[in-house]
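Notes for the structure review
These are the residues of each chain, in order.
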Amino acid sequence: MKKYYSITLFVSLFLMLLLLFSICGCRDNVKKIDYSDKYVFGQDSQENCIALQGCAVIAESSKSYYYLCEDNKFLYVVDKPRKKCMPLCNKTNCLHDKEATPENCNAFLGVTADNIIFYNDYLYYSSSKEYTDKDGVLHTVNEINKITLDGSSKTNVFSTEEYTIWSFKIHRGFMYADMTLISSEGNSEGKNSSLYKISIDDTSKITEFLPYKEYSNIKGFLVLDTRFYGNNLILLFNKLDKNNEEERILVNYDLQTDKWINLSEKLKVNVTSFFTVCKDNIYYGAKNKVYKCDFQGNNQRCIMDGGDSEFSKFKDYTYFNPLTNDGENVIINVANDDGISRDVIFYNCDNDKTEIHKLKGANQADSGGDEKSLIYKADNSLYFYDKMEKKTYTIYDFES
C-alpha cells in the first residue's frame, strides 16, 4: 500500500512539474521576440497604419481597427467583417462622445499626441496630466498608457516630468519615443528632440537612442520621418545645401548591428517627397515618379511614371507621394502646389499593377488599413473603403 502511494505521489508530482514547465514555456513563447528580417504582426511597428511624422490614428488587431479621432480625442473600434464602428466603451447607459462630461466615458482618452498603437494584444497611447503638490507647485506628467482591447482597463506604463512626448512607436520589445527635455523647450521640437528607447518589460530602462538635436545643431539635419521594418530603421533627413536648397537624405540603421547605410549615396534618383516601407522594400517619390529599392539601396527601379498614358488624368499634377501602405499595396497620393487629387493610386507590390481609386469625401489617404480595406476620416465622417467591392461605407458620423 505504501509502495503504491509512493508511486502515485511521484507520478502526480512529475505531471505537475511537466505542467509547470509547459506553462513557463508557453509564457516564454509569448514574450519571445521574432528577430527575422521581415514584418511580424503584433510585435512590429504597424507602418501600414502610419502616414507622416510617426503619428498613427489607426491601429489594427486581427479582427478590428481602432481609430483615434484627433478632434474629440475619443477611441473607436471598427469591426472588420461587419464594417461597424462604435466608441470603445463597455459602460451601460453611456452616451460616449455625446456625454456632457466626456471624461466619464471609457472611450475618451484625452490624448496629447495622435498615437494609438497595437502591440501584443494591447493598445498603447500617450497623454499628459497636471496636479498641484502640497507646496502648491504645479506638475505636468507625460505618460504612455496601455488599454485592453475591450477598453475596460487602462494601465500606466511610463510616466515622466522631464520630457514632452511628441510621438512614439513600439517595435520588437521597445517603445521608441520622440521626446524633448522640458528644460530645453522653446524652439521647435524637431530641433531639440531625441529618439529614446524604452524597454516594454522595464520602462525604467530609458536610453537616448538617436540624438536628433545633435544632428540639427552640428549638421543642420532635421528628421522628417522614421519607419521600422524587421531589423531596419529607415530615416529621412532634410538639410539645406550650399545654395540654401532643400536636400533629402535616406538612411538605413540596422537595429542589430548598430551600423548605418547612407542610401542616398547609392540611389540614382534621390527621394524628393515622402517614403514608406512595404514587402521588404522602400518606396519613395521623386516628383512625378515613384521608385523602389531594397534596404541596402540595391535593386533600384522606377515602379510608376506619372507621365505615362494610364495616368493622363493626373497630367496637371506634379507630385506623386507614397504616403503609406496597407501591407500589400503602396498608396500614392497625387498633388500639385494648389492641392491634392481625390483619386488615389494603389500599387500592388507583388504584381506591379496599379489601380486608381476615388475616395468619397477625402483628398488623401493617410490613415491606415490592410489589403482589403482602408479606414479614413473626411469632413465629419469615418469611412470604410472596401477595396474588393470598390465601395465606400460611412461607418460613423461625428458631432460637428
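Residues numbered from 1 in each chain as written. Predicted model: local features only at pLDDT ≥ 70, side-chain atom pairs only at ≥ 80, totals over all residues. Heavy atoms only, no water.

1. Concerning the overall build of the protein chain
Assigned secondary structure in the protein chain consists of 3 helices and 28 strands. The proportion of buried residues among the 400 residues of the protein chain is 49%. Expressed as a percentage of contacts within the protein chain between residues at least 6 apart in sequence, the contacts between residues at least 24 apart total 41%. Element-wise, carbon and sulfur atoms account for 49% of the exposed surface of the protein chain, whose accessible area totals about 20,400 Å². (Helix = DSSP H or I, 4+ residues; strand = E, 2+ residues; numbered from the N terminus. Buried < 20%, exposed > 50% of the residue type's maximum accessible area, 1.4 Å probe, protein only. Contact = heavy atoms within 4.5 Å. Areas by Shrake-Rupley, 256 points an atom, 1.4 Å probe, with all protein chains shown as cover.)

2. Re the pattern of salt bridges
For the coordinates displayed, the defined rule picks out 22 salt bridges. Between Lys98 and Asp97 there is a salt bridge; the shortest N-O distance is 3.5 Å. On the basis of relative accessible area, Lys98 is assigned to the partly exposed category, the value being 48%. Take Asp97: its relative accessible area is 14%, and that puts it in the buried class. When salt bridges that share partners are traced, they join Glu47, Lys169, Asp225 and Arg227 into one network. (Salt bridge = Lys/Arg side-chain N within 4 Å of Asp/Glu carboxyl O.)

3. Some points on the sheet that holds strand S25 (residues 368-369)
Picture the strands of a sheet paired through backbone hydrogen bonds; they go either parallel or antiparallel. The strand order S25-S26-S27-S28 describes an open sheet built from 4 strands, whose pairing is antiparallel. Looking at strand neighbours, the two that pair on one side only are S25 and strand S28 (391-397), the edges of this open sheet. Bridge count between S25 and strand S26 (residues 373-378): 2 bridges; the pairing is antiparallel. From the neighbouring strand, Gly368 faces S26, where its bridge partner is Ile375. (Pairing = 2+ DSSP bridges.)

4. So, the pairing of strand S4 (residues 84-87)
Burial of the side chains of S4 is restricted to one face: Cys85 and Pro87 are buried, whereas none of Lys84 and Met86 on the reverse face is. In sequence, strand S3 (residues 75-79) turns back onto S4 through a hairpin of 4 residues, with Lys83 there showing a positive phi of about 55 degrees.

5. Observations concerning the side chain of Asn238
Along the polypeptide, Asn238 turns up in strand S14 (residues 232-240). With a relative accessible area of 10%, Asn238 lands in the buried category. Beyond its immediate stretch of four places on either side in the chain, Asn238 contacts Gly220, Phe221, Leu222, Leu224, Glu246, Glu247 and Arg248.

6. Some details on helix H3 (residues 212-219)
Every buried residue of H3 is accounted for by Tyr212, Tyr215 and Ser216. The buried residues of H3 all sit within an arc of 95 degrees when viewed along its axis, so they share a single face. Residues of H3 that are exposed and angled more than 90 degrees away from the buried face: Asn217 and Ile218. (Arc of directions from axis to C-beta.)

7. Some points on the environment of Ile33
Inspection of the secondary structure assignment puts Ile33 in the loop between helix H1 (2-31) and strand S1 (58-60). Residues Ile33 and Asp44 lie 11 residues apart in sequence; the distance between their C-alpha atoms is 9.6 Å. Beyond its immediate chain neighbours, meaning those up to four positions away, Ile33 contacts Gln43, Tyr119, Arg172 and Gly173.

8. With respect to the pairing of strand S19 (residues 289-293)
Where burial is concerned, most of S19 is hidden: 4 out of the 5 residues are buried. In terms of strand pairing, strand S18 (residues 281-286) meets S19 through 5 bridges, oriented antiparallel. Counterpart to Tyr284 in the pairing with S19 is Tyr291. Hairpin connection between S18 and S19: a loop of 2 residues separates the two successive antiparallel strands, and Lys287 in this loop has a positive phi of roughly 55 degrees.

9. Considering unusual backbone geometry
The phi dihedral of Lys279 is positive, around 50 degrees, even though this residue is not glycine. Structurally, the position occupied by Lys279 is in the loop between strand S17 (275-278) and S18. Its identity as a non-glycine residue notwithstanding, Lys287 has a phi of 55 degrees, on the positive side. Inspection of the secondary structure puts Lys287 in the loop between S18 and S19. On the basis of relative accessibility, which here comes to 55%, the residue Lys287 falls in the exposed class.

10. Points about the side chain of Thr276
In this structure, Thr276 sits in strand S17. A relative accessible area of 0% means that Thr276 is categorised as buried. In this view, Thr276 contacts Arg227, Asn281, Ile282, Tyr283, Pro322, Leu323, Thr324, Asn325 and Val330; residues no more than four positions away in its chain are not counted.

11. Quick word on the confidence of the model for the protein chain
Per-residue pLDDT for the protein chain averages 85, and the proportion of residues at 70 or more is 88%. H1 is the least confidently modelled element of the protein chain, averaging 46 in pLDDT, while S19 averages 97, the highest of any element. Low confidence marks residues 13-29, where pLDDT is under 50. Its contacts with residues over four positions away, or in another chain, come to 0 contacts. (pLDDT = per-residue confidence, 0-100.)

12. What about the packing of aromatic side chains?
Scanning the model with the defined rule gives 22 aromatic pairs in all. Counting every residue linked through ring pairs, the aromatic cluster contains Tyr67, Phe74, Tyr76, Phe108, Tyr396 and Phe398. The cationic tip of Lys83 hangs over the ring face of Tyr393; the distance from NZ or CZ to the ring centre is 5.3 Å. Residue placement shows Arg248 over the ring face of Phe274; its charged tip is 5.8 Å from the ring centre. (Phe/Tyr/Trp six-rings, centres within 6.5 Å; stacked < 30°, edge-to-face > 60°. Lys NZ or Arg CZ within 6 Å of the ring centre and 35° of its normal.)

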